[in-house]
Amino acid sequence: MLVVKKFGGTSVANKERIYNVANRCIEEYKQGNDVVVVLSAMGKYTDELITMAKDINENPPKREMDMLFTIGEQMSVALMAMAMNKLGVPAISLNAFQVAMHTTSVYGNARLKRIDCERIKNELEQRKIVIITGFQGVNKYDDYTTLGRGGSDTTAVALAAALHADKCEIYTDVDGVYTADPRIVKNARKLPQVTYDEMLELATLGAGVLHNRSVELAKKFGVKLVVRSSLNTNEGTIVRRGHKMEKMIVSGVACDKDAARVAVIGLKDEPGVAFKLFNALAQANINIDMILQSVGRQGTKDITFTCSINDADDAARIISDSMDYESLDVNKEVSKVSIVGAGMQSNAGVAAKMFEALYNANINIRMISTSEIRVTVLIDEKNTDRAMNAIHDKFDLGNE
Ligand code: ADP
Ligand code: ASP
Ligand code: MG
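Residues numbered from 1 in each chain as written. Chains lettered and ligands numbered in written order. Predicted model: local features only at pLDDT ≥ 70, side-chain atom pairs only at ≥ 80, totals over all residues. Heavy atoms only, no water.

Trainee: Report on the site of ligand 2, specifying residues and quantitative values.
Mentor: Lining the immediate surroundings of ligand 2 are Ser40, Ala41, Thr46, Glu73, Phe135, Arg149, Gly150, Gly151 and Ser152. In the environment of ligand 2, a nitrogen atom lies 2.7 Å from a nitrogen or oxygen atom belonging to the side chain of Glu73. A distance of 2.6 Å separates an oxygen atom of ligand 2 from a polar atom in the side chain of Arg149. Relative to its unbound accessible surface of 260 Å², ligand 2 loses 86% to contact with the protein. A per-class count over the shell around ligand 2 returns two nonpolar, five polar and two charged. (Near = heavy atom within 4 Å. Polar contact = N/O pair within 3.5 Å; in protein donor to acceptor, adjacent residues only side chain to side chain. Areas by Shrake-Rupley, 256 points an atom, 1.4 Å probe, with all protein chains shown as cover. Nonpolar A, V, L, I, M, F, W, Y, C, P; charged D, E, K, R; others polar.)

Structural data, given as structure tokens:
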């Protein structure tokens, strides 16, 4: 059997944790299995690298950021290989260059295109544990790229797909996927399983336990994905295809505090305005999320949308350069709160119940958007944790 095991920052944060991970991997190896390990940078090292960079240059070139980021993961894999060797097991560390993890060229947000597996297979044939840097890739210019924050999960799933692994285990600091972030909602409950589609929505809507593109890839290639803790042996959460085993209408609540709302007031009410606006933003690679257009009055209309807080200032600048309007309002103190559940499409009244929970908590809703399996509201950021708990309680998600 071939197993890909990914360990996040907290799981390799210090010497004890590194040995803990080494021992867990060796246990698997000693059962006769091939083991590929993917690691993140130790602890909060990636954040520390950002602080260091910004101290030198508050607006560092993205290429150089990626060059810097790669140190973090490289440190983890080398130390892990040393630990395993010390424990008497042959292990080798490889970075994205040595494996050849080909990505698109976008620094800071590259996508994996192809992985050359030959080197990995050769090392596995020699009965070594192969330890690979997460998060990083190489583009057509032979430069390092990174996959976006939290991207090591995606490296792991992509490797599992490319190597036709029997399973991909994501080890983290919680023992599975919960009905809400357990740091925010104390009575959140661990889900024994969750479908790819639900997990993809949850991850995209802010449940940082998995990088959303890792779920996308797992779904596409049918990778058996398990989320579990590196600190205990509890059974984790299986992310899988297919039907819900549970009769739950809502599986989880997620929040994203990194949202911003941009309101463009007094645009001309004529054809092509939305196209011009969103095309200008798309040209600048700015992802737009919720969109609301007001009813036209006296020849004008308003368009409000949400984007990542990091893109809000760029968006405002682009709009002021390219559009005619009366005023522009950027609000960074907002957050998105969403409920997700495959059972929602066949049950009326789910959205109303969510709105009632917010009403009872006296929380105002600023925007609403829905899909077949989710409802998202935009609220003031200061109310996020209260909203999460109110909604979680309303749907009684803490009880099976
Ligand atoms: P790692 O460094 O191992 O990749 P992350 O910090 O990226 O770990 O992800 C784990 C964290 O995700 C947890 O500590 C938890 O606070 C957060 N999280 C958010 N939503 C959820 C959820 N629905 N279930 C479990 N954890 C969640
Ligand atoms: N070290 C990177 C980050 O902090 C990648 C990851 O942890 O998955 O975002
Ligand atoms: Mg993570």
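Trainee: Run through the nonpolar core, naming residues and quoting values.
Mentor: Counting 70 residues, the largest nonpolar core has Ile120 and Ile339 as its most contacted members. When near neighbours in sequence (up to four residues on either side) are disregarded, Ile339 contacts Val250, Gly252, Val253, Met344, Val350, Met354, Ile373, Arg374, Val375, Ile391 and Phe395. Among the nonpolar cores identified, the runner-up in size contains 22 residues, and Val35, Leu39, Met84 and Ile129 belong to it. (Core = buried A, V, L, I, M, F, W, Y, C linked by side-chain atoms within 4.5 Å. Buried < 20%, exposed > 50% of the residue type's maximum accessible area, 1.4 Å probe, protein only. Contact = heavy atoms within 4.5 Å.)

Trainee: I'd like to hear about the sheet that holds strand β12 (residues 237–240), residue by residue, with values.
Mentor: With respect to topology, eight strands assemble into an open sheet ordered β3-β6-β2-β1-β9-β11-β12-β10, the strand pairing being mixed. In this open sheet, the two strands that pair with only one neighbour each are β3 (91–94) and β10 (193–195). Geometrically, the sheet is characterised by an average inter-axis angle of 20 degrees between neighbouring strands, direction not taken into account. Of the strands in this sheet, β10 and β12 touch helix α7 (residues 196–204), which is tilted by about 85 degrees from β10. (Pairing = 2+ DSSP bridges. Helix = DSSP H or I, 4+ residues; strand = E, 2+ residues; numbered from the N terminus. Axes fitted to C-alpha atoms, helices over the stretch in contact; angles between N-to-C directions.)

Trainee: Describe the site of ligand 1, and please don't skip the residues or the numbers.
Mentor: Neighbouring ligand 1 are 17 residues, the closest being Thr172, Asp173, Tyr178, Asp181 and Arg183. A distance of 2.9 Å is found between a nitrogen atom of ligand 1 and a backbone nitrogen or oxygen belonging to Tyr178. Burial of ligand 1 by the protein chains amounts to 84% of its free accessible area of 580 Å². Looking at the shell around ligand 1 residue by residue, the classes come out as eight nonpolar, five polar and four charged.

Trainee: Outline the packing of helix α1 (residues 15–30) against helix α3 (residues 62–86), supporting the account with residue identities and numerical values.
Mentor: As a packed pair, α1 and α3 sit with axes 9 Å apart at the nearest point and diverge in direction by 60 degrees. The angle between α1 and α3 places the two elements in the oblique class. Note on packing geometry: the crossing formed by α1 with α3 is right-handed. Note on element contacts: α3 touches α1 through Leu79, Met80, Ala83, Met84 and Lys86, opposite Ile18, Tyr19, Val21, Ala22, Cys25 and Ile26. (Parallel < 35°, antiparallel > 145°, perpendicular 65-115°, else oblique. Left-handed = near helix turned anticlockwise from the far one by under 90°.)

Trainee: A description of the pattern of salt bridges should follow, citing residues and the corresponding values.
Mentor: Close approach of charged atoms lets side chains of opposite charge pair. In this structure the tally under the stated criterion is 29 salt bridges. Between Arg261 and Asp329 there is a salt bridge, with its nearest N and O atoms 3.6 Å apart. Of this pair, Arg261 sits in strand β13 (residues 252–268) while Asp329 sits in strand β16 (residues 327–340), placing them 68 residues apart in sequence. Take Arg261: its relative accessible area is 14%, and that puts it in the buried class. Here the residues in one salt-bridge network are Lys5, Glu28, Lys167, Glu169 and Arg228, joined through shared partners. (Salt bridge = Lys/Arg side-chain N within 4 Å of Asp/Glu carboxyl O.)

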